[in-house]
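# Architecture and fold: a report
Chain by chain, the residues:
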Amino acid sequence: MNPYVLMVLLSSLGLGTTLTFASSHWLLAWMGLEINTLAIVPLMAQHHHPRAVEATTKYFLTQATAAAMILFASTTNAWITGEWDMNNMSNPIASTMVITALALKIGLAPMHFWMPEVLQGLDLLTGLILSTWQKLAPLALIIQTAQTIDPLLLTALGLMSTLIGGWGGLNQTQLRKIMAYSSIAHMGWMIIVLQYAPQLTLLALLMYILMTSAAFLTLKISSATKVSTLAVVWSKSPTLTATTALVLLSLGGLPPLTGFMPKWLILQELAKQSLPLTATIMALAALLSLYFYLRLCYAMTLTISPNTTAATTPWRVQTTQTSLPLALFSTMALGLLPVSPTIVMLVT
């Protein structure tokens, strides 16, 4: 892709998200979401592969549907209350429609069906943008309107997302689909605690972005898109294999890795709010996700590929890709748990 075109598209992505962040008027927020969607569509379709085009079409249709619902809900609210202000969503029908549309935008269950299919059709870097940056603007709107939404609905969305995110990833062999289900499960963790401690939602989002970026960049460097491909990575880069296994376990939420921090704090908050049953279901749903991360670790570190190759020894080929972002994200995805007290003090 032409670097100037790429620069314009990435700038538009940033502009759309910033516009939504800065807005308190529904029309402005809707405009930011639309700029965001239109900026990523060319990035998704840049490879001109039928699967990429199919994924782009699916993504565009779902995002356009969600945007139309947001516009309809905000117009309805303005018609009834006489205000376009986001903080004045006093009409229950409008607020329910808004949360449904925003859940469709970020892929919360049961509006998650587009997410694995779309991510499977993209290359890894565009998939990374879709899994991280594209979640920011809709989540900002969800956080702003959370107090007007039915708490039972938020809890149901959160529980369903963590369960379906864990359950759906169990029998997958494609790494991008596994990352999509991982994303759905993490979104569930963010939504479940939103009505009690929004700062923990932001903390979980930050940790999710760090860990997902490390995972996607690793897959990009090792050019792996299937679980079976992971079995040959150890011969090319043993160090990368070790850190990747740890990053995956961090995504699963195992101590003493970074991913344990948001899960621990969210479960603690749910227990404080006298919701032991919800906390128990969330903890059990995390085990489902952990199982498929362990499957990836097993394939990567404890199995040897049955394929024999007559080519030049692959472990001597130097990579031309930049590895500094991967090193930074991996370090943060593995080692932030000891600074939990500082982070908690900053966010509370």
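Residues numbered from 1 in each chain as written. Predicted model: local features only at pLDDT ≥ 70, side-chain atom pairs only at ≥ 80, totals over all residues. Heavy atoms only, no water.

## Some details on the side chain of K105
Following the sequence through the fold, K105 ends up in helix α4 (residues 92-106). The side chain of K105 is buried and forms no salt bridge, while E34, the nearest opposite charge, is found at 4.8 Å. Not counting residues within four places of it along the chain, the set of residues in contact with K105 comprises L33, T37, Q63, A66, A67, I70, W114 and P138. (Helix = DSSP H or I, 4+ residues; strand = E, 2+ residues; numbered from the N terminus. Buried < 20%, exposed > 50% of the residue type's maximum accessible area, 1.4 Å probe, protein only. Lys, Arg positive; Asp, Glu negative; His and termini not counted. Salt bridge = Lys/Arg side-chain N within 4 Å of Asp/Glu carboxyl O. Contact = heavy atoms within 4.5 Å.)

## Describing the UniProt feature "transmembrane region" (unreviewed entry) in the protein chain
When the UniProt feature table is mapped onto this chain numbering, "transmembrane region" (unreviewed entry) sits at residues 57-80, 92-113, 152-171, 178-196, 202-219, 274-294 and 326-347. Secondary structure within residues 92-113 divides into 68% helix and 0% strand; the distance between the first and last C-alpha atoms comes to 26 Å. Between the end C-alpha atoms of residues 202-219 the distance is 26 Å, and the span holds 100% helix and 0% strand. (UniProt positions renumbered as here; feature names shortened; annotations may be inferred.)

## Side note on unusual backbone geometry
Of the consecutive residues A109 and P110, the connecting peptide bond is found in the cis state with omega at 5°. Inspection of the secondary structure puts P110 in the loop between α4 and α5 (114-120). For the bond from P255 to P256, the omega torsion is 5°, close enough to zero to count as cis. Unlike most non-glycine residues, H48 shows phi in positive territory, near 55°. Within the secondary structure, H48 sits in the loop between α2 (26-44) and α3 (50-81). The class for H48 is exposed, based on a relative accessible area of 70%. The backbone of S274 shows a phi angle near 60°, a positive value even though the residue is not glycine. Relative to the assigned elements, S274 resides in the loop between α14 (260-272) and α15 (276-301).

## Some words on the nonpolar core
Residues W26, V118, I191, L230 and I266 are the most contacted members of the largest nonpolar core, which totals 102 residues. In terms of residue count, the dominant contributor to this core is helix α10 (residues 198-222) (14 residues). Excluding residues that lie within four positions of it along the chain, V118 makes contacts with M44, A55, K58, Y59 and L130. (Core = buried A, V, L, I, M, F, W, Y, C linked by side-chain atoms within 4.5 Å.)

## With respect to the packing of helix α13 (residues 238-252) against α15
As a packed pair, α13 and α15 sit with axes 8 Å apart at the nearest point and diverge in direction by 175°. The angle between α13 and α15 falls in the class roughly antiparallel. Residues T241, T244, A245, L248, L249, L251 and G252 of α13 lie in contact with α15, whose contacting residues are L290, Y293, L294, L296, C297, M300 and T301. For the contact of α13 with α15, the residue count by class is 10 nonpolar, four polar and no charged. (Axes fitted to C-alpha atoms, helices over the stretch in contact; angles between N-to-C directions. Parallel < 35°, antiparallel > 145°, perpendicular 65-115°, else oblique. Nonpolar A, V, L, I, M, F, W, Y, C, P; charged D, E, K, R; others polar.)

## Describing α3
Between the first and last C-alpha of α3 there are 46 Å, a value that for 32 residues agrees with the 46 Å anticipated at 1.5 Å per step. The first or second residue beyond α3 is G82, which carries a positive phi of 85°. (Expected span 1.5 Å × (residues − 1).)

## As for the packing of aromatic side chains
Within this structure, the stated rule accounts for three aromatic pairs. Their ring planes at 55° and their centres at 4.9 Å tell us that F292 and Y293 sit as a pair that is tilted. With relative accessibility at 0%, the residue F292 sits in the buried group. Overall, the relative accessible area of 1% leaves Y293 in the buried class. (Phe/Tyr/Trp six-rings, centres within 6.5 Å; stacked < 30°, edge-to-face > 60°.)

## Quick notes on the pattern of salt bridges
Across all of its chains, the model carries three salt bridges by this definition. Among the ionic pairs, K58 bridges to E117, the shortest N-O distance being 3.8 Å. Within this pair, whereas K58 is found in helix α3, its partner E117 is found in helix α5, the two being separated by 59 residues in sequence. Relative accessible area serves as the criterion here: at 38%, E117 is assigned to the partly exposed category. Linking K177 and E117 is a salt bridge whose minimum nitrogen-to-oxygen distance equals 3.9 Å. Taken as a pair, K177 in helix α9 (residues 175-192) and E117 in helix α5 lie far apart in primary sequence, 60 residues in all. One salt-bridge network, held together by shared partners, links E54, K58, E117 and K177.

## A short note on the side chain of T241
Positionally, T241 belongs in helix α13. From its side chain, T241 meets the backbone oxygen of S237 in a polar contact 2.8 Å long. Apart from the residues within four sequence positions on either side, T241 is in contact with V233, W234, M300 and T301. (Polar contact = N/O pair within 3.5 Å; in protein donor to acceptor, adjacent residues only side chain to side chain.)

## Overview of the environment of W189
With respect to the element layout, W189 can be found in helix α9. Dropping the residues within four chain positions of it, W189 is found in contact with T162, K263, I266, L267, M282, A283 and A286.

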